[in-house]
Amino acid sequence: MVGRRMRAPDTTVLLVLVKWRPSSRLWGMLRLPLRSLRPIQAPGLIFQRVLGSGRDAGFGLIPSVSHLGLFCAFDQPQRAQAFLDDSPEIRRYQSHASELAWLLLKPYSSRGAWSGYSPPTDASAPDETGPIASLTRASIRPSKMHAFWSQSPAAEAELASAPGCRLAVGLGEAPLLRQATFSLWESLHHMNAYARSGAHLRAIQTAYRGEHFSESLFVRFKVLESGGCWKGVPIAVPQP
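Report follows, based on the coordinates. If you're wondering where the values come from, they're calculated on a predicted model, not measured in any experiment. (Residues numbered from 1 in each chain as written. Predicted model: local features only at pLDDT ≥ 70, side-chain atom pairs only at ≥ 80, totals over all residues. Heavy atoms only, no water.)

All right, on to the layout of surface pockets then. Counted as a void, the largest pocket has a volume near 810 Å³. If you go around the largest pocket, you meet 37 residues; those closest to its centre are Thr136, Thr181, His200, Ile204 and Phe218. Where the lining of the largest pocket is concerned, the elements lending two or more residues are strand E5 (97–112), strand E7 (132–140), helix H5 (145–160), strand E8 (165–174), strand E9 (178–185), helix H6 (188–195), helix H7 (198–209) and strand E10 (213–230). With 7 residues, H5 is the single largest residue contributor to the lining of the largest pocket. A per-class count over the lining of the largest pocket returns 21 nonpolar, 12 polar and 4 charged. Secondary-structure elements contributing two or more residues to the lining of the second largest pocket are helix H1 (25–29), strand E3 (45–53), strand E4 (67–74) and E8. Take the lining of the second largest pocket: its biggest share by element is 5 residues, from E8. (1 Å grid on protein atoms, 1.4 Å probe; cavity = no way out; pocket = protein on both sides within 12 Å on 5 of 7 lines; lining within 4 Å. Points joined across faces, edges and corners; volume = space filled by probe spheres on them. Helix = DSSP H or I, 4+ residues; strand = E, 2+ residues; numbered from the N terminus. Nonpolar A, V, L, I, M, F, W, Y, C, P; charged D, E, K, R; others polar.)

In structure tokens form, the structure reads like this:
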């Protein structure tokens, strides 16, 4: 399916990653059903998803009770920044979090769709030396679930140890069937070296040959700004 292209003058994505304090885990877990029923309202917000994660923010089959991701696409970078700086939603996350990281991202390459939404790619490709991020998201056909997950452990192990990978997080809208991977890289060279070789390449080739996905989206981003900490490590990346 070809996703509809929603026109926006200067699309900017905000990704927020949260680890809840132990006393706030129930509050955090309730964000997923609550925001499905009552989406966030903010100027310029054109697409949003609240996402769960695997145990320890990884890619396993056991869901985490401590981690959450928030993916928001805005029509202008100023509106994304204003939401990050001033919105009650982000302030509530901060008050309940033991750890919070954020990234402002500019999509420059996109293929596929996410619930019919395809991020406009109104940015030029980065040079080889700047930081870069990637989002892979898929709706897995129930009949292909076992085949898909059988390929996953090897690719995940390679991602965790890949040279130049500064951050890798497993995210999802629903256990097992609606999954996403977000990764942050030191450079385009490092990301391509991982994506075009080894277990990851074999998994992608197998998924397409076997028609594992009913919908998929692959996006690459320039990193505009980032901040906070994740797993004890500051997430700010140097700009070229």
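Within E3, 7 of the 9 residues are buried, which leaves the element mostly enclosed by the surrounding structure. Relative to E4, E3 runs antiparallel, the two sharing 6 bridges. When the bridges of E4 are listed, Phe47 appears paired with Ala73. One ladder, built from 2 bridges, connects E3 with E8; its direction is antiparallel. The residue of E8 that forms the bridge with Gly52 is Gly172. (Buried < 20%, exposed > 50% of the residue type's maximum accessible area, 1.4 Å probe, protein only. Pairing = 2+ DSSP bridges.)

By secondary structure assignment, the location of His67 is in strand E4. Within the structure, the side chain of His67 is placed 2.7 Å from the side chain of Ser64, a separation counted as a polar contact. When sequence neighbours within four positions are dropped, the list of residues in contact with His67 reads Val18, Lys19, Trp20, Gly52, Ser53, Asp56, Ala57 and Trp230. (Polar contact = N/O pair within 3.5 Å; in protein donor to acceptor, adjacent residues only side chain to side chain. Contact = heavy atoms within 4.5 Å.)

Moving on, we come to the packing of helix H3 (residues 77–86) against helix H4 (residues 88–96). For the pair H3 and H4, interaxial distance at closest approach is 6 Å and the crossing angle is 45°. Accordingly, the angle class assigned to the pair H3 and H4 is oblique. As for the relative orientation of H3 and H4, their crossing is right-handed in sense. Residues Phe83, Leu84 and Asp86 of H3 form the contact with H4, whose participating residues are Pro88, Glu89, Ile90 and Arg91. For the contact of H3 with H4, the per-class residue count stands at 4 nonpolar, no polar and 3 charged. (Axes fitted to C-alpha atoms, helices over the stretch in contact; angles between N-to-C directions. Parallel < 35°, antiparallel > 145°, perpendicular 65-115°, else oblique. Left-handed = near helix turned anticlockwise from the far one by under 90°.)

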